[in-house]
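Next come the chains, spelled out residue by residue.
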Amino acid sequence: MKIITIIKQVPDAEARLHPAEEGIDLDGVTFVIDGMDEYGVEEALRLREQGFDAEIIAVALGPQRYEEAIRTALALGADRAIHIETDTVLDPITQAKVLSNLVSEEEAELVFVGGKQADWDSAALGPALAEALGWPHSDWTTKLDIGAGTLTVTHDTDEGQEDLSLPLPAVITTQQGLNEPRYPTLPNIMKAKRKELKKLPLDQWGGVQAKTAVVGEAIQVRERLNRVIEGDPVEAARELVRLLREEAKVL
Amino acid sequence: MIGTITRATRTHLEDFFELEPLYTPEERLIRDSVREFVQSEIRPHIDAWWTQGVFPEYLPRQFGELGVLGVTLPERYGGSEASYTAYGLVNRELEYADSGMRSFVSVQSSLVMYPIYRYGSERLKNAWLPKLASGEAIGCFGLTEPDAGSDPANMRTRARRVGEHYLLNGVKRWITNGTLADIAIIWAKEEESNEILGFVVETDTEGFQAVDIKTKASMRASATSELYLDEVAVPISHRLEVRGLKGALSCLNQARFGIAFGVLGAGFGCFEEAARYTEDRLVFGKPLASKQLVQARLADMLGDLTKGSLLAYHLARLKEDGRDTPARVSLAKRDNVRAALKTARAARDLLGANGITTEYASIRHMLNLETVSTYEGTDTVHTLVLGREVTGQNAF
Ligand SMILES: Cc1cc2nc3c(=O)[nH]c(=O)nc-3n(C[C@H](O)[C@H](O)[C@H](O)COP(=O)(O)OP(=O)(O)OC[C@H]3O[C@@H](n4cnc5c(N)ncnc54)[C@H](O)[C@@H]3O)c2cc1C
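Quick caveat: nothing in here was measured; it's all calculated off a predicted structure.

Analysis parameters
Residues numbered from 1 in each chain as written. Chains lettered and ligands numbered in written order. Predicted model: local features only at pLDDT ≥ 70, side-chain atom pairs only at ≥ 80, totals over all residues. Domains from an automatic or database assignment. Near = placed C-beta within 6 Å. Helix = DSSP H or I, 4+ residues; strand = E, 2+ residues; numbered from the N terminus. Nonpolar A, V, L, I, M, F, W, Y, C, P; charged D, E, K, R; others polar. Pairing = 2+ DSSP bridges. Axes fitted to C-alpha atoms, helices over the stretch in contact; angles between N-to-C directions. Contact = placed C-beta atoms within 7 Å. Core = buried A, V, L, I, M, F, W, Y, C linked by C-beta atoms within 7 Å. Buried ≥ 20, exposed ≤ 12 C-beta atoms within 10 Å, placed from the backbone.

## Describing the domain arrangement of chain A
Working step 1: Parsing chain A into structural domains produces domain 1 (2–205) and domain 2 (221–251).
Working step 2: A C-alpha centroid distance of 43 Å is found between domain 1 of chain A and domain 2 of chain A.

In structure tokens form, the structure reads like this:
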């Protein structure tokens, strides 16, 4: 059976982002594989290590730089990778459509998608992909067991958690707690160099028309004031409270 | 709006001159993986290990699993066939936590696996390299003696040929991993030829004894031992195929290369600590970081470590091309240790009394770096190598 894990690449959580004239200046920012996607890769690896016979394919849809995130997935243990390369920003519905073609063509039976994108916080891709494929789906999945043709999962809901059983094929979106991803080991990093990384054009399955277009973007800007409050501690505390209430308006 | 405090991230000043794009994707992944490992498996414990003077027994297996032992060696012997740049970055990330961690990996990779790989028989390689790579076996390197350090040619340890064996007699001192080791690479003079030979000695052989040196004020998270060899019988098949001091020196050249990278980790650890501390510490009503004299010292640290990083990187690429002459390695080892030690001492000072406790890393790094300045050729020894390079005259 084939397992596909969808990979995205996002700015490192520790990176400092700079707002630019239009949008965000990503120059000099380190990019990493999205942590939520790593849970998917790890879960696929664990299924295989439990003796489940599977070929694990890492799939990414995005610009050329995504390649480094794909290499991380290969270094973690994915068998091969497919990169649909494009600089066009696609909405999740359109992404899901493109990816559903690939999933069908590969005849994969289990797809892992990161629960929520670390950069723009979107959680739409997983459900959209399930919808496009017409497959069952479990979101915010924290536990997964595989049986003959079925999955048993535990997933988070707004109020608590729920146990589900789903027939295969299925789409699983991940949640923190699903597992503890491993570090890529040095031998595996070097071996990954020899693994297949296939590039496909975006229009592989016909023309792609994004449903929405991004016309502008902005991030919340946080600046430090570098202000030191002088004076005795009691006075300083009073001044701090005043600033927090009147200037920062957080109290 | 008052926001969360943002600070320069590690990558920003650590790579002031943008070496990042020059690394291959594999080199970057290796660096990041080791960095994560160090962050979660070593940094939380290192202060306690150092203070208690222990090197945890489980670590070699973890190092082996991660794959940091013998990284440049072929896969068939358990290596990763990674580049020397990757090996350098591994050293730097480990020494960011503690020089003792890097020491273990240096010794195992450059001083034990390398000579077996380069000079050992196929049987020796197959018997030991995979186990050394996985951390199942530990090795040590015995060159220095109580009365022969900078001048190893003056060693007293002797090897006497008796039938199919050599009998080894002598004392080795200051040997990293000595008490932990399953095998020791022992350098000894052959009685009949007076030439230096290298042997792979199994430490459970009768007559071999290792005792730890307990009074160190440096490298406390690393075992340093004395080895006693009393008529230790070693089969001739365990002899390395090299004659003269050049065998041992070729190993040291490997390890010294790694040190040129490693010490940058310790240096950056101190630099970051000092930068953070001086930002938060108020003196005379203002942050220390706002004072010109403090800024001058931080600027020096950045300069020294940046130049060291460029030097190490370029040396690695030369080495990958086979052009790492011993004199180039001497320059990089000497000057990068100096840069790191100067940074560590300045950081220690900028932290005031807090810099005296091991709750901050600077003093630990500073004390460790005193060893690094002494071992693998003292600062003076490398100066004399460079002096000879300039003048053509031997001043040893
Ligand atoms: C923690 C630790 C771990 C070590 N691990 C190992 C190991 O694993 N294996 C191993 O074999 N060794 C190891 N060593 C030993 C180390 O390599 C030696 O200590 C080093 O080579 C210096 O030798 P020495 O201590 O005998 O000093 P000496 O050679 O006696 O030098 C003393 C001083 O004299 C200076 N000096 C030497 N020659 C000259 C000269 N011609 N002109 C002017 N000044 C000179 C030196 O620079 C130094 O300042 C380790 C040492 C330490 C501290």
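## Some thoughts on the site of the ligand
Residue and element names in this part refer to chain B.
Working step 1: Residues in close proximity to the ligand total 19 residues, the closest being Thr144, Gly149, Ser150, Thr378 and Thr380.
Working step 2: When contributions to the shell around the ligand are tallied by element, the ones reaching two or more residues are β1 (139–142), β3 (165–176), α11 (362–374) and α12 (379–391).
Working step 3: At three residues, β3 tops the list of elements feeding residues into the shell around the ligand.
Working step 4: Looking at the shell around the ligand, its residues break down into nine nonpolar, ten polar and no charged.
Working step 5: Each of domain 2 (139–243) and domain 3 (247–391) gives at least three residues to the shell around the ligand.

## What about the sheet that holds strand β11 (residues 161–167) of chain A?
Sheets are built from strands that pair by backbone hydrogen bonding, the pairs being arranged parallel or antiparallel.
Residues and elements named next belong to chain A.
Working step 1: Ordered in space as β11-β10-β9-β12-β8-β1-β6-β7-β13, the nine strands form an open sheet in which the pairing is mixed. The open sheet is flanked by β11 and β13 (197–201), the only strands paired with a single partner. With direction set aside, neighbouring strand axes in the sheet form an average angle of 35°.
Working step 2: Where helix α3 (residues 92–106) meets the sheet, it contacts β1 (2–7), β6 (55–62), β7 (80–85) and β8 (110–113), and its direction lies at approximately 155° from that of β6.

## What to know about the interface of chain B and chain A
Working step 1: Counting residues at the interface gives 27 residues for chain B and 23 residues for chain A.
Working step 2: Taken together, the elements giving at least two residues each to the side of chain B that touches chain A come down to α2 (25–42) and α4 (59–66) of chain B.
Working step 3: Sorting elements by how many residues they give to the side of chain B that touches chain A places α2 of chain B first, with seven residues.
Working step 4: Its residues assigned to classes, the side of chain B that touches chain A shows twelve nonpolar, nine polar and six charged.

## What to know about the nonpolar core
Working step 1: Ala58, Ala73 and Leu129 of chain A together with Phe199 of chain B are the most contacted members of the largest nonpolar core, which has 165 residues in total.
Working step 2: Per-element tally for this core: the top contributor is helix α8 (residues 246–280) of chain B, with 16 residues.
Working step 3: Other than its neighbours up to four places away in sequence, Phe199 of chain B contacts Ala159, Tyr166, Leu168, Ile186, Ala188, Val234, His238, Arg239 and Leu240 of chain B.

## Digging into the domain arrangement of chain B
Residue and element names in this part refer to chain B.
Working step 1: Domains assigned within chain B are domain 1 (10–134), domain 2 (139–243) and domain 3 (247–391).
Working step 2: On a C-alpha basis, the centroid separation for the pair domain 2 and domain 3 is 30 Å.
Working step 3: On the side of domain 3, nine residues touch domain 2, which itself brings twelve residues to the contact.
Working step 4: Of all the secondary-structure elements, those providing two or more residues to the side of domain 2 that touches domain 3 are β5 (196–202) and β8 (239–243).
Working step 5: Here the residues of the side of domain 2 that touches domain 3 are counted per class, giving nine nonpolar, three polar and no charged.

## What to know about the environment of Glu18 of chain B
Residue and element names in this part refer to chain B.
Working step 1: By the secondary structure assignment, Glu18 is in the loop between α1 (10–14) and α2.
Working step 2: Overall, the presence of 8 C-beta atoms within 10 Å leaves Glu18 in the exposed class.
Working step 3: Spatially, the C-alpha atoms of Glu18 and Leu310 are 9.6 Å apart, while their sequence positions differ by 292 residues.

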